[in-house]
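# What the coordinates show
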Amino acid sequence: MTDFLDDIRTSYDTVAVSYAELVVDGADWESEAFDLLAKLVAGSGRTVLDVGCGPGRTTGLLAERGLRVTGIDLSPGMIEVARRDHPDLDFRVGSMTALDVAGGSAAGVVSWWSIIHLPRDVVPQAFAEFYRVLAPGGVLLLGFHVGSESSHKTSGYGGHPMNIHVHRWTAPALTELAVAAGFAPYLATEIPHDRLLFQK
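Quantities reported herein were computed from a predicted structural model and do not represent experimental measurements.

## With respect to the pairing of strand β5 (residues 134-143)
- For β5, the tally of buried residues reaches eight of ten residues, placing the bulk of the element in the interior.
- As paired elements, strand β4 (residues 106-112) and β5 share six bridges and run parallel to each other. Within β5, the residue paired with alanine 106 across the bridge is leucine 134.
- Each parallel crossover has a hand, and for β4 linked through helix α5 (residues 123-133) to β5 it is right-handed.
- With five bridges connecting them, β5 and strand β9 (residues 195-199) associate as antiparallel partners. Opposite glycine 143, over in β9, you have arginine 195 as the bridge partner.

As structure tokens, this is what we get:
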């Protein structure tokens, strides 16, 4: 495992319990985005992958919409909390840079503020994996921090030590990478500028 993945995993193992306690509420815009995803993949019979699922909050919201969903996270600590809080759902430890998922098998991929810790030059690798696992017509729903700067996060979620970088992105920059990976932008006024939707 490369050093940056090790740092992400260790940091989120450290904060897993407190993260689940502190990050509990969603918002109307989040519901609208998930509703649109559910509408687009309805009837496919295929799984939606919540990649970078953390303690399973978003995985649970997706499941509430009748989706068959699997949560995947790099942090075993996060997956342990997710399984504790959502025992009826499927969670697995894994990396978005090398998903242990068959090609063409998923109806959707949700990456909800989870690419932000990847080095910028690694994000195309994640996009290539998202494209690989999606079935034709499958959709990628992406959330991210807007901007162009990067910062080093040394503590968080109750003051626990962390060692991760947070990279902000512009919508045009991410769209360029997604198109290079093979995706087509999905134009929908329901998706604001810090959430992007693409289709294979």
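## Overview of helix α2 (residues 28-41)
- With 14 residues, α2 ought to run about 20 Å at 1.5 Å a step, and its terminal C-alpha atoms sit 20 Å apart, in line with that.
- For α2, the set of buried residues is Glu30, Ala33, Phe34, Leu36, Leu37, Ala38 and Val41.
- Considering only its buried residues, α2 is in contact with β1 (47-51), α3 (57-64), β4, β5 and β9.
- Backbone geometry just after α2 places glycine 43 at a positive phi near 85°.

## Description of the pattern of salt bridges
- All chains considered together, the criterion is met by seven salt bridges.
- Notably, a salt bridge pairs arginine 65 with aspartate 35, separated by 2.7 Å at the nearest N-O pair. In this pair, arginine 65 is assigned in the loop between α3 and β2 (69-73) and aspartate 35 in helix α2, connecting sequence segments 30 residues apart.
- Among the residues examined, aspartate 35 registers a relative accessible area of 41% and is labelled partly exposed.
- A salt bridge links glutamate 129 to arginine 132, with the nearest nitrogen and oxygen atoms 2.8 Å apart. Of this pair, glutamate 129 and arginine 132 are both found in helix α5, three residues apart, which corresponds to roughly one turn of the helix.
- By relative accessible area, which is 31% here, arginine 132 ends up partly exposed.

The rules we used
Starting afresh in each chain, residues are numbered from 1 along the sequence in its written order. This being a predicted model, a pLDDT of at least 70 is required before a residue's local features are given, and a value of 80 or more before pairs of side-chain atoms are given or counted; all residues contribute to the totals for chains, interfaces and linings. For side-chain calculations, the full set of non-hydrogen atoms in the structure is used, while hydrogens and water are omitted. The rule is simple: take the accessible area with a 1.4 Å probe, protein chains only, and divide by the maximum for that residue type; under 20% is buried, over 50% is exposed, in between is partly exposed. Strands here are runs of E lasting at least two residues and helices are runs of H or I lasting at least four, both read from the DSSP assignment and numbered beginning at the N terminus. DSSP bridges decide pairing: two strands pair if at least two such bridges lie between them. Viewed with both strands pointing away, a crossover whose connecting path from the first strand over the helix to the second turns clockwise is right-handed. To estimate the expected span of a helix, count its residues, drop one, and scale the result by 1.5 Å. Note on contacts: a residue pair qualifies if any of its non-hydrogen atoms lie within 4.5 Å across the two residues. Only one rule defines a salt bridge in this text: a Lys or Arg side-chain nitrogen within 4 Å of an Asp or Glu carboxyl oxygen.

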